[in-house]
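As a plain string of letters, each chain reads:
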Amino acid sequence: YGGMGLDFSYNIAVAEELGNIRCGGIPMAIGVQAGMATPALTRFGSHELKKQFLVPTIAGDFVACLGISEAGAGSDVANIKTTAVRKGNEYVINGGKMWITSGSQADWMCLLANTSEGPPHRNKSLICLPMNLPGIHVAKKIDKLGMRSSDTAQIFFEDVRVPCKNLIGEEGKGFTYQMLQFQEERLWGVAIALTPMEIVIQETIDYSRQRKVFGQPVLHNQTVHFRLAELATEVELLRSLLHRAVALYVEGNDVTKFASMAKLKAGRLTREVTDSCLQYWGGMGFTSEVLVSRFYRDLRLMSIGGGTDETMLSIICKYMDTLPRK
């Protein structure tokens, strides 16, 4: 279908390199296209659907978006309310999606919707939804704290009709398909954060070496150079966990626990690195003129998007068998 047929470790290598882009929004948009909106279609979609949607997406002719989150359901995927009711050979879609990256410009959406009244983990399906159909309303581009170059939309569906053949895989398996691809999404998110943290640390070293306070460079204070050493060590530890998880995943293992651990640590470490480094920039760190303030805003999303820190902790506890049973 136009891809290179490489294993997932190559995605991670690309993600680490994309971290050299000096903002978070562009790597995130590429990540949605390559690792969030398309994996389920790649794994479970029909040949016809792949020809129609996957080929032009891989070629870069189509922009894809992922329609999971809603105003009342972010990390709680099982709680989505959007419905796709089968009528003849079509689904009729009603509801809305929130926080949709690339939503204003997307050609198609990988949509998760309720297709039956059954249990919340078995009543959902994934559907390839062309974004030019009647009844699709892109309400607004959302004004955000960070990732400001990224197009993030709120979208409503009003009696949108789409052919039943646009169903990805089996009806009722959408939640399961989505959970599978979360492993890749979270590992990609970790990889994309590593290089920015390294860049912020290095730029802070360079700045604090030339900035003098009380007659000596800021960097010469032991509290500063020791702290930067600690942060660099933490980044390397996170990279090692990521590479271990990816190696296991490529061999066919379930790495949900390790991916969740890495995602949790990445969310917390990006906050720690950017906050600590911004402090050493003094007043300049509080301006929009320096990279550290941009990453301070952009990387804050790591602890929220793709599953919050608290959701990651719950998943880890589930795998440790310490989560209280209902």
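Quantities reported herein were computed from a predicted structural model and do not represent experimental measurements.

Reading the values: rules and limits
- Residues numbered from 1 in each chain as written.
- Predicted model: local features only at pLDDT ≥ 70, side-chain atom pairs only at ≥ 80, totals over all residues.
- Heavy atoms only, no water.
- Domains from an automatic or database assignment.
- Contact = heavy atoms within 4.5 Å.
- Salt bridge = Lys/Arg side-chain N within 4 Å of Asp/Glu carboxyl O.
- Polar contact = N/O pair within 3.5 Å; in protein donor to acceptor, adjacent residues only side chain to side chain.
- Helix = DSSP H or I, 4+ residues; strand = E, 2+ residues; numbered from the N terminus.

(A) Examining the domain arrangement of the chain more closely. Domain assignment breaks the chain into domain 1 (25-170) and domain 2 (176-320). If you average the C-alpha positions of domain 1 and of domain 2, the two centres end up 29 Å apart. The interface is formed by 23 residues belonging to domain 1 together with 18 residues belonging to domain 2. Taken together, the connections running from domain 1 to domain 2 amount to 1 salt bridge. For Arg43, the salt bridge is made with Glu184, and the minimal N-O distance between the two is 3.0 Å. Counting every contact that joins domain 1 to domain 2 gives 6 residue pairs in polar contact (both at pLDDT 80 or more). Broken down by element, the side of domain 1 that touches domain 2 gets its largest block of residues, 7 residues, from helix α2 (residues 25-36).

(B) View of unusual backbone geometry. The phi dihedral of Ser102 falls on the positive side, at around 70°, and the residue is not glycine. Examined against the element boundaries, Ser102 turns out to sit in the loop between β3 (90-101) and β4 (108-114). For Met147, which is not a glycine, the phi torsion comes out positive at approximately 50°. Looking at the secondary structure, you find Met147 in the loop between β6 (136-141) and β7 (152-163).

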